[in-house]
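In case you want the letters, here they are:
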Amino acid sequence: MTTFFNLTLAGLSSGAVFAALGLSLVIIYRATRVVNFAQPALALISSYVAYSVTKGTGSYWLGFAAAIVVGTVLGIAVERLLVRPLRNAPELSPIIATMGLLLVLQAVAGMIWSNEPHAFSYAFDFRGRFSAADLFAVLAVLVTATGVLLLFKFTSLGLRMRAAAFNPEVARLLGVRVGVMLTLGWGLAAAVGSLAGLLAVPPFISPTVLDEVFVFALTAAVLGGLDNPLGTIVGGLALGIGLSYVAGLLGPELVPLAALAILVSVLAVRPAGLFGRATARRV
Amino acid sequence: MSITSHEKLLHVGGVTVRFGGLVALSEVSLTIRPRTVVGVIGPNGAGKTTLFNVVCGFIRPETGDLSWKGRPLRKHRPDQLAGLGIARTLQGLGLFGGLTVLENVMTGAGRLARTGSLASLLGTGKSARDERELRDRSMAVLTELDVAHVAQLHPGALPYGVRKRVALARALVSEPELLLLDEPASGLSTGEMDELADRIRALTEKTAVVLVEHHMDLVMRVCDEVVVLDFGEVIASGSPDEVRVDPAVADAYLGTAPEELPSA
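Residues numbered from 1 in each chain as written. Chains lettered and ligands numbered in written order. Predicted model: local features only at pLDDT ≥ 70, side-chain atom pairs only at ≥ 80, totals over all residues. Heavy atoms only, no water.

Student: So what about the overall build of chain A? Which residues, and what values?
Tutor: Each helix and strand in chain A was counted, giving eleven helices and two strands. Going from the N terminus to the C terminus, chain A shows its helices and strands as α-α-α-α-β-α-α-α-α-β-α-α-α. When its C-alpha atoms are laid out on the principal axes, chain A stretches across 55 × 45 × 35 Å. With 283 residues in all, chain A has 53% of them scored as buried. Contacts spanning at least 24 positions in sequence make up 77% of the contacts within chain A whose residues lie at least 6 apart. (Helix = DSSP H or I, 4+ residues; strand = E, 2+ residues; numbered from the N terminus. Buried < 20%, exposed > 50% of the residue type's maximum accessible area, 1.4 Å probe, protein only. Contact = heavy atoms within 4.5 Å.)

The structure is reproduced here in structure tokens:
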């Protein structure tokens, strides 16, 4: 029973990270129907910025703030410079473009900060069964996710963002500046993704450190429904706990395999996710 | 800017639109004065919806110009329309399926908002008050159209007539000075159409209306002026009585002798 309890706690903090990175994917997917494969690279670059700022100033929190700001700006830049020019291209084009950007940014990170791992600090003490760092990860993600959900549900800005996502042409007629909403959505998503990066990267940062986390985050988003922010948060936490059981009871080497098995099973049995709604698709 | 009923609210002057070799609109001119109802009729493909799309900024005309309250409308975007005071309903309604009825209507009320995106993002007290007011205003319009009881439902589950009213509420909530109605009577019962006619006439206390419609009874009943398009050209315009007896209209649009046209 104690093992079960410990594994559940351990899974919560990693699940929170999957939920946050998954949420950043969902925010963009809802608005543009693009799975942003560059998201882990944006989180990576902002985490490297945090690393440099923390190293230069000695303050973890200055690095943390710089990462969120840089991540937001990067997200906006990707939308304006890479995705928006492709809005009339075939729907696969922006997805392929974000995949390309992932590779480019990982290479750039290696060129600037080297491919060797660097020590990356935790926000708080990470020792113990459910450490202060774990608690911070869970709380930071829950507070952020709640803020995002409240923004979407209860503010006129969130309403305009949702309207722009559902039907851009009609939203325009109602006075919604769809382009601005998309830019804000990408910025917001990248900020959430940067938070996920800062929580996932420690103890070491290297250009490929977020690759596996991204697969788990994508699995969480698919599990919860790519269209469903709340479902993704629940999916992320459930996946984190589930993978923690796999690691603890069957062996850590089976974790990636288990994640992929969940991803494939959900796509095969319930493609809209456990909490998503199936929608018609124009072909 | 206040204007009298003799002034022009919207003026479309000599607008031509071509899609490849097809002339969708040819030298079309139209003037809308405050608090009047103008019907735009014509057979399918006559250019009625294209004309709406030009006014809304979805299509740029090859030649011709538009003005709003005497000021030229150049390269205007669809998202500027609501701010000008122009609202449009769509043939396909275009309600947001993922939003509730109330949220759908609130989306149309953005013109009345006094706070911007940043205040909303930060959740300031002023933006919260603003959102409460928009919510109240939206509920008031839904009540006016007798659909307040479905405010918390999603539009997909509602009967077509109710969805039509919701779409109208969404257009009216911004208190537009000009309302473009694209086939508002399609799919309505006779009773609902009578109600719509009364409502359109009542709107003219505050709003001018341009009505694209196939139901001639409704057009003849509510319009002050009717413009007839055929193959992108204006072939007749005038009062419903004048248009009704115009031989060109009977020939090109209805294919019937003038005496067979419905009377008002």
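Student: Give me the lowdown on empty space enclosed by the protein, citing residues and values where you can.
Tutor: Residue and element names in this part refer to chain B. Counted according to the given criterion, the structure contains five cavities of 30 Å³ or more. By volume, the largest cavity amounts to about 230 Å³. In terms of lining, the largest cavity is formed by 16 residues, of which the most central are Lys 164, Arg 165, Leu 168, Leu 188 and Leu 196. Ranked by residue count, the leading element in the lining of the largest cavity is helix α6 (residues 160-172), at five residues. Grouping the amino acids of the lining of the largest cavity by side-chain chemistry returns eight nonpolar, two polar and six charged. Structurally, the lining of the largest cavity is a two-domain feature, drawing no fewer than three residues from each of domain 1 (1-85 + 177-264) and domain 2 (97-175). (1 Å grid on protein atoms, 1.4 Å probe; cavity = no way out; pocket = protein on both sides within 12 Å on 5 of 7 lines; lining within 4 Å. Points joined across faces, edges and corners; volume = space filled by probe spheres on them. Nonpolar A, V, L, I, M, F, W, Y, C, P; charged D, E, K, R; others polar. Domains from an automatic or database assignment.)

Student: Tell me what's going on with the pattern of salt bridges, and back it up with residues and numbers.
Tutor: Under the counting rule described, the total for this entry stands at 17 salt bridges over all chains. Between Arg 172 of chain A and Glu 169 of chain A there is a salt bridge, and its shortest N-O distance comes to 2.9 Å. Here Arg 172 of chain A pairs with Glu 169 of chain A, and both are found in helix α7 (residues 168-173), just three residues apart, close to one helical turn. Judged by its relative accessible area of 23%, Arg 172 of chain A is partly exposed. A salt bridge links Arg 165 of chain B to Glu 195 of chain B; the shortest N-O distance between them is 2.9 Å. Of this pair, Arg 165 of chain B sits in helix α6 while Glu 195 of chain B sits in helix α7 (residues 190-203), placing them 30 residues apart in sequence. By relative accessible area, Arg 165 of chain B is classed as partly exposed at 22%. Accessibility expressed as a relative area gives 30% for Glu 195 of chain B, which makes it partly exposed. Counted as one network, the salt bridges with shared partners bring together Asp 146, Arg 165, Glu 195 and Arg 199 of chain B. (Salt bridge = Lys/Arg side-chain N within 4 Å of Asp/Glu carboxyl O.)

Student: So what's going on with the pairing of strand β4 (residues 63-68) of chain B? Residues and values would help.
Tutor: Residues and elements named next belong to chain B. Relative to β4, strand β1 (residues 10-19) runs antiparallel, the two being bridged by five bridges. Residue pairing for β4: His 11 is matched across the bridge by Ser 67. Turn length for the β4-strand β5 (residues 71-73) hairpin, with the two strands adjacent in sequence and antiparallel, is two residues, and the turn residue Lys 69 shows positive phi of about 55°. (Pairing = 2+ DSSP bridges.)

Student: Can you tell me about the interface of chain A and chain B, naming the residues and giving the values?
Tutor: Taken residue by residue, the interface counts 23 residues in chain A and 22 residues in chain B. In total, chain A and chain B occlude about 2100 Å² of area from one another, counting both sides; carbon and sulfur atoms represent 66% of this. The largest share of the area that chain A buries against chain B comes from Leu 159, Leu 173 and Leu 174 of chain A, three residues that together contribute 32% of it. The interface formed by chain A and chain B holds two salt bridges in total. Lys 153 of chain A serves as the salt-bridge partner of Glu 103 of chain B, at 3.2 Å between the closest nitrogen and oxygen. Where chain A packs against chain B, one counts four residue pairs in polar contact (both at pLDDT 80 or more). Those elements that provide at least two residues to the side of chain A that touches chain B are α5 (132-154), α6 (156-166), α7 and α8 (178-200) of chain A. Looking at which element gives the most residues to the side of chain A that touches chain B, the answer is α6 of chain A, with seven residues. Classifying every residue of the side of chain A that touches chain B gives 13 nonpolar, four polar and six charged. (Buried area = accessible area lost by both parts, 1.4 Å probe. Polar contact = N/O pair within 3.5 Å; in protein donor to acceptor, adjacent residues only side chain to side chain.)

By themselves, these observations are geometric and do not establish any function.
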